[in-house]
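Examination of the molecular architecture
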Amino acid sequence: MDPRKEFWKGTYYLLILKLIKEGGSSYGYELKKALEHLNPSESTIYDTLKKLEKGGYIKGEWIRVGKRARKRYELTEKGEELLRELEEEARLLCSFLTGQGKLSHSSS
Amino acid sequence: MLLPYWPREVVTFLFVINLIVSVLMLISDKLNLNKYKLTKTNYKYLKIVGIGMFLLNFVDPLLADLFMFIGLTTSFILTLKEVEVEGKVEGVMKGGEGEVIEEFKYGKTIFILSVILTVISLTALILAYPYLPERTVVHFGLDMRPNGWMNKLGFALMYLVNVLFVGSLTAFVSWASFEEPGVLYSTSKINSIKLLPIVLLITQVIDDIAMMYLLAYNLGLAT
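Note that the coordinates shown come from a computational prediction; the quantities given were computed from them, not determined experimentally.

Section: the nonpolar core
Considering soluble globular proteins, one finds that nonpolar side chains tend to be buried as a cluster. Residues Met 150, Phe 155, Met 158, Tyr 159, Met 211, Leu 214 and Leu 215 of chain B are the most contacted members of the largest nonpolar core, which totals 20 residues. Within the residue set of this core, elements represented by two or more residues are helix H4 (61–90), helix H5 (107–128), strand S1 (135–140), helix H6 (152–179) and helix H8 (195–219) of chain B. Ignoring sequence-local partners within four residues, the contact set of Met 158 of chain B consists of Leu 66, Val 138, Met 150, Met 211 and Leu 214 of chain B. Among the nonpolar cores identified, the runner-up in size contains 19 residues, and Leu 35, Leu 49, Leu 52 and Leu 82 of chain A belong to it.

Quick look at the structure:
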């Protein structure tokens, strides 16, 4: 077990949602490129995409690219909402790490 | 031997054919079979099936053929899975905007029909097996007279492989046609997203009916 790898595993949902949102639509390939330095395996990206799609957070469409088919993703409303929530969680973690907050959800 | 009632020449012929086919599979990458559109299956799976078939051929040629059918179906499905992963992870290449591949709207119906057919055929075999005679007819001549026989176990294995082979292929391909149509597009040279599930379902209907007819014939229910 590599604790660093385990740490990043959970963040792929946030990262992938964020990357899809930034691009507007269609990314797969750019997505893989953008995450390259984290060195995720293909199956990690695949599993994350598949779970997000199943949960209705992203919508995939098969597109003809020459003789091959590639999948293009878009965020759904549910996905946008999840992204906002995950970003909030990430902010919580950041503020804790920088010593500016506690690890609890504000009850406002 | 699963083929105790077949003429020696037929068994030898089957053995030689199997030997040639299994060796072709073992050297499939050297022959570059995919280039000639003979197969779209991944070479590494073809080789595994080839080794198994080559060895089993010395035990029983029919067993080797049954193994080949199961092996090829499994490897084809695994190849489709790989194509799916690749297509999903790679996404659209930069600047490669193209048309959307539509789902096949009758894919789901074909999938359900295919599964029902498989279940019916399997149930028929399970119910009929205890009543099958030791010597079963498996082949008819052009004059509709029996000309090939097998023992009970051989018959059941042949029946199972036929039903499961065509059944799983039809089920998987029709599932892909409405769930992941891009996978079918990537593996076929023609746009067969609609054609392939239909052709496979027809094949399955014919195959399952033929098998159930054989079953009924051996039980003495059909003439």
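Structural notes on the environment of Leu 214 of chain B
Residues and elements named next belong to chain B. Mapped onto the elements, Leu 214 comes out in helix H8. Residue Leu 214 is classed as buried on the basis of its relative accessible area, which comes to 7%. With 59 residues separating them in the primary sequence, Leu 214 and Phe 155 have C-alpha atoms 9.5 Å apart.

Description of the pattern of salt bridges
Per the counting criterion, the structure on display carries 16 salt bridges over all chains. The salt bridge involving Lys 50 of chain A is made with Glu 84 of chain B; its shortest N-O contact spans 3.4 Å. Within this pair, whereas Lys 50 of chain A is found in helix H4 (residues 42–54), its partner Glu 84 of chain B is found in helix H4, the two belonging to separate chains. Here Lys 50 of chain A falls in the partly exposed class, since its relative accessible area comes to 24%. Look at Glu 84 of chain B and you get buried, because its relative accessible area is 1%. Between Glu 180 of chain B and Lys 88 of chain B there is a salt bridge, with the nearest N and O atoms lying 3.1 Å from each other. Placement of Glu 180 of chain B in the loop between H6 and helix H7 (181–187) and of Lys 88 of chain B in helix H4 is noted, with a sequence separation of 92 residues between them. A relative accessible area of 4% means that Glu 180 of chain B is categorised as buried. Residue classification places Lys 88 of chain B among the buried residues on the basis of a relative accessible area of 1%. The network of salt bridges with common partners includes Lys 50, Glu 53 and Lys 71 of chain A together with Lys 81, Glu 84, Lys 88 and Glu 180 of chain B.

What to know about the packing of aromatic side chains
Aromatic ring pairs are reported here in terms of the distance separating the ring centres and the angle at which the planes meet. Residue and element names in this part refer to chain B. Applying the stated rule across the entire model yields 11 aromatic pairs over all chains. Measuring from ring centre to ring centre gives 5.5 Å for Phe 54 and Phe 58, while their planes differ by 70°; the resulting arrangement is edge-to-face. Placement of the pair is Phe 54 and Phe 58 together in helix H3 (residues 43–59), with a separation of four residues, close to one helical turn. Judged by its relative accessible area of 28%, Phe 54 is partly exposed.

Analysis parameters
- Residues numbered from 1 in each chain as written.
- Chains lettered and ligands numbered in written order.
- Predicted model: local features only at pLDDT ≥ 70, side-chain atom pairs only at ≥ 80, totals over all residues.
- Heavy atoms only, no water.
- Core = buried A, V, L, I, M, F, W, Y, C linked by side-chain atoms within 4.5 Å.
- Buried < 20%, exposed > 50% of the residue type's maximum accessible area, 1.4 Å probe, protein only.
- Helix = DSSP H or I, 4+ residues; strand = E, 2+ residues; numbered from the N terminus.
- Contact = heavy atoms within 4.5 Å.
- Salt bridge = Lys/Arg side-chain N within 4 Å of Asp/Glu carboxyl O.
- Phe/Tyr/Trp six-rings, centres within 6.5 Å; stacked < 30°, edge-to-face > 60°.

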